[in-house]
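Results of the structural survey
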Amino acid sequence: MINNLRLQLQYTIKNVKPGIPPTFYPNYFKTEQSSNDFISSLCKQNLFKQALETFGFLQKHTNFHLKPSTYAHLISACSSLRSLEEGRKIHNHLLTHICKPDIILQNHLLNMYGKCEALREAKTVFDEMPQRNVVSWTSIIAGYTQHGHAFAAIKLYLQMRQSGLMPNQFTLASILRACSILNSIELGRQLHGHIIKSELGFHLIAQNALMAMYIKFDQIIEAWEVFSGITAKDLISWSSIIAGFSQLGYELQALGQFKQMLSQGVYQPNEFVFGSAFSACGSILQLDCGRQIHGMSIKFGLGRDTFANCSLSDMYAKCSLLDAAKTAFYQIENPDLVSWNAIIAGFAYSGNIDEAMSLFSQMRHLLISPDHITVRSLLCGCTSPSTLYPGMQIHSYIITVGLDLDISVCNTLLSMYARCSDLSYTFKMFKDINSRADLVSWNTILTACTQHDQAREAFSLLKMMLPTQNKPDHVTLSTILGACGNIASLEMGDQLHCYALKTGHMIDIFVMNALIDMYMKCGSVGNSRKLFDSIKCPDVVSWSSLIMGFAQFGYGEEALNLFAKMRSLGIMPNEVTLLGVLTACSHIGLVEEGLELYKMMTMDHGIVPTKEHYSCVVDLLARAGRINEAEAFINQMSFDPDIVMWKTLLAACRNHNNIEVAKRAAESILNVDPSNSAAHILLCSIYAAGGSWKDVARVRSLMKQRNVKKVPGQSWIEVKDSIHVFLAEDILHPERDKIYATLEELWLQMQGVDYVSFKDELQK
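Summarised in this report is the structure supplied together with it.

Conventions used here
- Residues numbered from 1 in each chain as written.
- Predicted model: local features only at pLDDT ≥ 70, side-chain atom pairs only at ≥ 80, totals over all residues.
- Heavy atoms only, no water.
- Helix = DSSP H or I, 4+ residues; strand = E, 2+ residues; numbered from the N terminus.
- Rg over C-alpha atoms; globule rule 2.2 N^0.38 Å.
- Buried < 20%, exposed > 50% of the residue type's maximum accessible area, 1.4 Å probe, protein only.
- Contact = heavy atoms within 4.5 Å.
- Phe/Tyr/Trp six-rings, centres within 6.5 Å; stacked < 30°, edge-to-face > 60°.
- Lys NZ or Arg CZ within 6 Å of the ring centre and 35° of its normal.
- Axes fitted to C-alpha atoms, helices over the stretch in contact; angles between N-to-C directions.
- Parallel < 35°, antiparallel > 145°, perpendicular 65-115°, else oblique.
- Nonpolar A, V, L, I, M, F, W, Y, C, P; charged D, E, K, R; others polar.
- Core = buried A, V, L, I, M, F, W, Y, C linked by side-chain atoms within 4.5 Å.
- Salt bridge = Lys/Arg side-chain N within 4 Å of Asp/Glu carboxyl O.
- Expected span 1.5 Å × (residues − 1).
- Arc of directions from axis to C-beta.
- Disulfide = S-S within 2.5 Å.

So, the overall build of the chain
Tallying secondary structure elements over the chain gives 43 helices and two strands in all. Against the compact-globule benchmark of 27 Å for 764 residues, the chain has a radius of gyration of 37 Å, which places it well outside the compact range. On the principal axes, the C-alpha backbone points of the chain span a range of 135 × 55 × 50 Å. The buried share of the chain, taken over its 764 residues, is 46%. Nonlocal contacts in the chain, meaning residues at least 24 apart in sequence, comprise 58% of its contacts between residues at least 6 apart.

Right, dumping it as structure tokens:
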């Protein structure tokens, strides 16, 4: 008979539907025992809402008492539903009917209040407990940790240890998470040592928590050591290490562990494992591998999963298969905000701002509210003047919905205007956020000024920045030092060098490299070399800056010696390094060596030559008088040569009096830029040197017809934070009268000491 009642109860519970009142099941409220059993059974079947409805019915229509175990089930139901209101009702009912709840019920209450973020009530329950066990401490610590109160959690952990209780694996998992929240890797390592010494060193939950902490701190080697020490890995272990490798730039290792997990055949990958695998494939553009994993996810029934398909869509977008990305996105049954952000970012970052805007409209039509990530992704897709209008549309939307209060959005707007327009819009935007500007805002506007060749404006902004709370960091200094190098402002560069010394930024390799580059561009080769020698471990950028500087200033042998030393130390060169070495070979006439280096770029160093490398090879051949080879090299390139290459060849034709090639080079330049003054003037010089005066007259007539004027050369000097620019036979300088008077005085002094000019000496 008892078995029949149990079977009947199980059948009824399996068929319980939400919204059906408990009066529909009257047989189970005849006795106190059956009522308790019914509620407990509902909770065990995860029918939490129905269990709470039944509790409410019993309160109103019966005087039955609930057992402590039933209270425990109901409190757990509130925890699962995160229902604070119902939890408070059950707590009050419990206090009314049970004078002193036992430690088990109090622990359930602690857990419920913690999960419902009612930390004050959790702490009240905890403080009123006459006795506490390890579950009590773990519940209160977990509550504080889950809601970001890491410092309070660690304080409670220390109190627990002082009370003499030893933590269990769940306590340690919570406290390790608190260390991650506080970004305290040292405390995390201390806890790791404690775990090793205790009996919990080989407990899976603690090991998984350690792995998660080390991954949060970007310490993938230590995470791998923990993973390797796990004897019986579960799905969380595999998921954590695969995600860690994928997130921290070890994509091949992530895919390797994914394959290893499959080969063991113990666990089937879930949506998070597939998501990490797709992210790894997208980061290294492994399309074929991604497609194979895509097929596998469909086989495992995750073809329409939100998380997996979100990563899948992102992978296809990164691999430039935008149609496939869209298809993967539309297979998601109910795409959430994260999914929409991923597909919009995919199209925006691929340069397809129109499609990204279309998706943005669809998203809003479905009443999904865009967030700061959505609009920032769209703004990142606006990269040129042609995309200024959609950028301004996004700006209007941002103001309408109030996202302009988010400083990160304002900073992205600054970057967008800097890319898509002149500086006027950028300055206006910066002025609007000036009072709220953070360090990123200042760095963005300074970078914009540098990119638009407004070095003086960047210097003025830096002076405005210094009195604010946003002090220059390594990005600020690197940016301004770049501006100093662009206009050869050695005085400002020296001041920044002093500032970096005073503020401790000289330990930053980025600042050191920027200083080396600045001094080289300002012609201070000695200072650049001294800085380089002071770096304990120079990176490839340090070596490249010095090699390029030596090459450009004619110290070809020094540049090649540095390159040889760099290779002997096992440092792999980059594009800039090889550009400097090719320049050095060109300047000292090592043609064959330069050509051999060019040929070995891809084979030995895996570097695909750029237009700059091609230009260097043209210069290398042309300087050596191998004009025809240089022309042939240009003609066999896989892309259209730019004006710089043809100008290099044309200048060499003048030096080596090769009129035929000069004609073709000049024609190629003028086809691209008919008003290019340098091509006309160089061609005139070549014809004049060959005595072809009719051709000289023809080219000059052509210049008049096209209104081509020679752009005068200029030079400049910096005096007391002001740059003075001079042109040949300058009549526009505001202090021209003083300048010419001083020149006249110098000329008279030179005559007084019997100075003889080089021209007069030749005439003698």
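Notes on the packing of aromatic side chains
Per the counting criterion, the structure on display carries 20 aromatic pairs. Aromatic pair Phe 245 and Tyr 250: ring centres 6.2 Å apart, planes at 70°, arrangement edge-to-face. The class of Tyr 250 is partly exposed, set by a relative accessible area of 35%. The ring of Phe 126 carries Arg 132 above its face, with NZ or CZ at 4.2 Å from the centroid.

As for the packing of helix α20 (residues 337-349) against helix α22 (residues 372-380)
At their nearest, the axes of α20 and α22 sit 8 Å apart, and the two run at 10° to each other. In this view, α20 runs roughly parallel relative to α22, as classed from their interaxial angle. Counted together, Leu 337, Asn 341, Ile 344, Ala 345, Ala 348 and Tyr 349 of α20 and Ile 373, Thr 374, Ser 377, Leu 378 and Cys 380 of α22 form the full contact between these two elements. Here the residues of the contact of α20 with α22 are counted per class, giving eight nonpolar, three polar and no charged.

Examining the nonpolar core
Counting residues in each nonpolar core, the largest one holds 216 residues, and the members touching the most others are Ile 175, Leu 649 and Leu 650. For Leu 649, the contacting residues outside a window of four places in its chain are Ile 627, Ala 630, Glu 631, Ile 634, Val 661 and Ala 665.

Here's the deal with the pattern of salt bridges
Across all of its chains, the model carries 16 salt bridges by this definition. Glu 333 serves as the salt-bridge partner of Arg 304, at 3.7 Å between the closest nitrogen and oxygen. With a gap of 29 residues between them, Arg 304 in the loop between α17 (287-299) and α18 (306-318) and Glu 333 in the loop between α19 (322-330) and α20 connect regions that are remote in the sequence. For the salt bridge of Glu 660 with Lys 663, the shortest nitrogen-to-oxygen distance reads 4.0 Å. Here Lys 663 and Glu 660 lie together in helix α39 (residues 659-672), a separation of three residues that amounts to about one turn. Classification of Glu 660 by relative accessible area gives partly exposed; the value is 47%.

What about the side chain of Ser 40?
Within the secondary structure, Ser 40 sits in helix α2 (residues 32-44). Discounting residues that sit within four places of it in the chain, Ser 40 has contacts with Thr 70 and His 73.

Here we look at the side chain of Ser 339
With respect to the helices and strands, Ser 339 occurs in helix α20. Among all residues touching Ser 339, those that are not within four sequence positions of it are Thr 306, Cys 310, Phe 329 and Ile 332.

What about helix α11 (residues 185-197)?
Here α11 spans 18 Å end to end across 13 residues, near enough to the 18 Å set by a 1.5 Å rise per residue. Those residues of α11 not exposed but buried are Ile 185, Gly 188, Leu 191, His 192, His 194 and Ile 195. Buried residues of α11, viewed axially, fall in a sector of 170°; they line one side. Among the exposed residues of α11, those oriented more than 90 degrees off its buried face are Gln 190, Ile 196 and Lys 197. Contacts from the buried residues of α11 go to α9 (150-162), α10 (169-181), α12 (204-216) and α13 (220-228).

With respect to the packing of α22 against helix α24 (residues 407-420)
Two elements in contact, α22 and α24, have axes whose closest approach is 9 Å; the angle formed by their N-to-C orientations is 10°. Classified by the angle between their axes, α22 and α24 sit roughly parallel to one another. Within the contact between the two elements, α22 uses His 372, Val 375, Arg 376, Leu 379 and Cys 380 and α24 uses Ser 408, Val 409, Thr 412, Leu 413, Met 416 and Arg 419. Tallied by class, the residues present in the contact of α22 with α24 amount to six nonpolar, three polar and two charged.

What to know about the state of the cysteines
The tally for this structure, following the rule as stated, stands at zero disulfides. Not part of a disulfide, Cys 78 finds its nearest cysteine sulfur in Cys 116, a span of 7.1 Å. Since its relative accessible area comes to 0%, Cys 78 is described here as buried. Residue Cys 498 stays outside any disulfide, its sulfur separated by 12 Å from that of Cys 484, the closest cysteine. Looking at Cys 498, the relative accessible area reads 42%, which means it is partly exposed.

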